[in-house]
There are 2 protein chains.
Amino acid sequence: MAIRLVIADDQAMIRTGLRLVIETAPGIEVVGEAADGRQVLTVARQLRPDVLLMDIAMPGLDGLSAARQLLEDPEPPKIIMLTTFNTDDNLHASLRARVHGFLLKSSPAEQLIEAVRVAAAGGAVIDPAVTPRVIDSFAAQPQPVPAPELATLTPRELEVLRLLADGMSNPEIARDLRIGEVTVRTHVGHILRKLSLRDRIHAVVFAYEAGVVRPGRGRDDVRDGSC
Amino acid sequence: MAIRLVIADDQAMIRTGLRLVIETAPGIEVVGEAADGRQVLTVARQLRPDVLLMDIAMPGLDGLSAARQLLEDPEPPKIIMLTTFNTDDNLHASLRARVHGFLLKSSPAEQLIEAVRVAAAGGAVIDPAVTPRVIDSFAAQPQPVPAPELATLTPRELEVLRLLADGMSNPEIARDLRIGEVTVRTHVGHILRKLSLRDRIHAVVFAYEAGVVRPGRGRDDVRDGSC
DNA sequence: CCCACAATCAGCCCAAAGTACGAGACATTT
DNA sequence: AAATGTCTCGTACTTTGGGCTGATTGTGGG
């Protein structure tokens, strides 16, 4: 069965161009087109194509927002983003949306066709010209330096450190661990001494820098109900 | 001028197979081979090829370590990693090393050849089969939630918050900003009130979670000289 | 001109945190 | 049996931090 494809771009010329290019490829069938984000949503949800080839810049609802919404659906189409200029913004936002392809419009036709096939098969394609930037971003994401002093902490102390890094006070830690506050003080003291830290605040910083705790892993007990 | 290529793999059969495949491609010339990591280092540094096609698993010095060392050199070759099985470990380590390609040995010959050309041209290639995982990792990396309350902070208060998140005490912040400690206390008080935080420790946690400060950006004034 | 806001500074009070010193219970190792 | 390490708890003391109630100065907008 042929791969069913929908093309989304605000410029009619580009749409017909893409359609012509794609239809030279066997096994791929263009089943629909859309000229803006809203059309994409209805068309894609109605036709349920295998792959969606979509420009990022479109009037009204842009391609990225449309992609994000579609990817919320059950069994969404594989989405390949197309863009004229490759800004980091477009790239990062697309990857964050977990699209299945990111190509430049300057790409040769074969690459486009190959990308459609790959996406339909469950793979993903990033334009070779932008891939170095993806790798750079990947390499740049800070990996916590495993502090050797961490090994000197006893299991209990490490436990206390985690709670400490969550912003808990000594009485709170005591309640959480079902021990006396004095004991917590002792543990905290040991932690500070072993890690050569001045106070619990430095301990929090250390915990984040060493990867003992990580940001973004929703520790919602810190924020209150103000939002 | 032809692309000068070196092949590194511990299995002689694979090397000859790769060589045969590659030499069918015009414009690419295999100028050398290596059977382990140490050989790669000497061969690559002596022949100075444009591209290095290297297996990850090799006896002695493995391909990844060799790649890391080579990429420290000035004008290193473009390095494409090859691997039989695609574990996340291999993938992440390779990308972290900033290689220019990551392919599976199961890839078709044309893809290999294309990857060599792309790498030589300054691009990079990731096997379409593993690209979804790369995108997933990318999307999974926590992007700090931009807390709206941050906007309510005055510039000065934000400044204080940053120093606060570095673990500085009130007197230290005062010295750093050349203001009185009392003023710092006032600022801190305002910060805590505006952000609905209990104490400065929660402020540190907030700063990390909201991305006001990021881990890994070497704030070495926190740790002391114990190492 | 007045008002709101930001930034600066002051004194007072109390809770929290950190330090010092000590000690008992329990486990493992020597 | 002795030593070591961990976890637990206690008392007393000092320093730091945060809340509270003020004040002054400068700046920008209505």
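In what follows, the structure referred to is the one given above.
Residues numbered from 1 in each chain as written. Chains lettered and ligands numbered in written order. Predicted model: local features only at pLDDT ≥ 70, side-chain atom pairs only at ≥ 80, totals over all residues. Heavy atoms only, no water.

What about the relation of the copies chain B and chain A?
Definition in use: What sets the superposition is a least-squares fit of C-alpha atoms, and only residues with pLDDT of at least 70 in both copies go into it.
Superposition record for chain B on chain A: RMSD 0.3 Å, screw rotation 180°, translation along axis 0.2 Å. Such a combination of rotation and displacement between the chain copies is what one expects of a two-fold axis. In terms of proximity to the rotation axis, the leading residue of chain B is Ile201(B), whose C-alpha is 2.9 Å off the axis.

Thoughts on the environment of Ile113(A)
Residues and elements named next belong to chain A. For clarity, the threshold we go by: Only DSSP runs of H or I covering at least 4 residues are called helices, and only runs of E covering at least 2 are called strands; the numbering of each starts at the N terminus. In this scheme, a residue with accessible area under 20% of its type's maximum is buried, one over 50% is exposed, and one in between is partly exposed, where area comes from a 1.4 Å probe on protein chains only. The contact criterion used throughout is that any non-hydrogen atoms of two residues lie within 4.5 Å.
With respect to the secondary-structure elements, Ile113 resides in helix 5 (residues 109–120). Residue classification places Ile113 among the buried residues on the basis of a relative accessible area of 11%. Taking the C-alpha atoms as reference points, Ile113 and Leu5, separated by 108 residues in sequence, lie 11 Å from one another. Here Ile113 is in contact with Val21, Ile22, Thr24, Ala25 and Ile28, once residues within four sequence places are set aside.

Re helix 4 (residues 88–96) of chain B
Short version of the rule: Each C-beta atom gives one direction from the helix axis, and the arc is the one those directions make.
Of all the positions in helix 4 of chain B, only Asn90(B), Leu91(B), Ser94(B) and Leu95(B) are classed as buried. Down the axis of helix 4 of chain B, the sector holding all buried residues measures 120°, keeping them to one side. Elements that come into contact with the buried residues of helix 4 of chain B comprise helix 6 (131–140) of chain A together with helix 3 (63–70), strand 4 (78–83), strand 5 (101–104), strand 6 (125–126) and helix 6 (131–140) of chain B. Directly after helix 4 of chain B, the chain includes Arg98(B), whose backbone phi takes a positive value near 65°.

Points about the protein's contact with DNA strand C
How we decide: We define proximity as follows: a residue is near a molecule or strand when any one of its heavy atoms falls within 4 Å of that partner. Under this definition, polar contacts are N or O atom pairs within 3.5 Å; protein pairs additionally need one hydrogen-donor-capable and one acceptor-capable atom, and for neighbouring residues in sequence, both atoms have to be side-chain atoms. Following the grouping adopted for this structure description, the nonpolar residues are Ala, Val, Leu, Ile, Met, Phe, Trp, Tyr, Cys and Pro, the charged ones are Asp, Glu, Lys and Arg, and the polar ones are all others, Gly among them.
What surrounds DNA strand C is a group of 17 residues, the closest being Arg200(A), Thr154(B), Gly180(B), Thr183(B) and His187(B). A distance of 2.6 Å separates a phosphate oxygen of DNA strand C from a polar backbone atom of Arg200(A). Here a phosphate oxygen of DNA strand C and a backbone polar atom of Gly180(B) are 2.4 Å apart. Secondary-structure elements contributing two or more residues to the surface near DNA strand C are helix 8 (170–177) and helix 9 (181–194) of chain A together with helix 7 (155–165) and helix 9 (181–195) of chain B. Counting residues per element, the surface near DNA strand C draws most heavily on helix 9 of chain B, at four residues. Per-class residue counts for the surface near DNA strand C are five nonpolar, seven polar and five charged.

Topic: helix 3 of chain B
Residue and element names in this part refer to chain B. Among the eight residues in helix 3, six count as buried, and that is most of the element. When helix 3 is considered as a whole, its buried residues turn out to be Gly63, Leu64, Ser65, Ala66, Ala67 and Leu70. Close packing links the buried residues of helix 3 with helix 2 (37–47), strand 3 (51–55), strand 4 and helix 4.

A short note on the sheet that holds strand 3 (residues 51–55) of chain A
Residues and elements named next belong to chain A. Put simply, the rule is: At least two bridges found by DSSP between two strands are what make those strands a pair. Fitting a line to C-alpha atoms yields each axis, with helices limited to the stretch in contact; the angle taken between N-to-C directions then spans 0 to 180 degrees.
Across the sheet, which stays open at both edges, the six strands sit in the order 2-1-3-4-5-6 with parallel pairing between neighbours. Both edges of this open sheet fall to strand 2 (28–34) and strand 6 (125–126), since each of them pairs with a single strand only. Strand direction decides the pairing type here: strand 1 (residues 3–8) and strand 2, joined by six bridges, are parallel. Residue pairing for strand 2: Ile7 is matched across the bridge by Glu33. Helix 5 contacts strand 1, strand 2, strand 3, strand 4 (78–83), strand 5 (101–104) and strand 6 of the sheet and is inclined by roughly 155° relative to strand 4.

Overview of the pattern of salt bridges
Test applied: Each reported salt bridge corresponds to a side-chain nitrogen of Lys or Arg within 4 Å of a carboxyl oxygen of Asp or Glu.
Following the criterion strictly, the structure yields 26 salt bridges over all chains and no others. The network of salt bridges with common partners includes Arg15(A), Arg19(A), Glu23(A) and Glu33(A).

A closer look at the environment of Lys105(B)
Residue and element names in this part refer to chain B. One can find Lys105 in the loop between strand 5 and helix 5 (109–120). Judged by its relative accessible area of 23%, Lys105 is partly exposed. Once the C-alpha coordinates of Lys105 and Phe85 are considered, the two residues, 20 residues apart in sequence, prove to be 8.1 Å apart. Apart from the residues lying within four places of it in its own chain, the contact partners of Lys105 are Asp9, Ile14, Asp55, Leu82, Thr83 and Thr84. Separated by 3.2 Å, the side chains of Lys105 and Asp55 make a polar contact.

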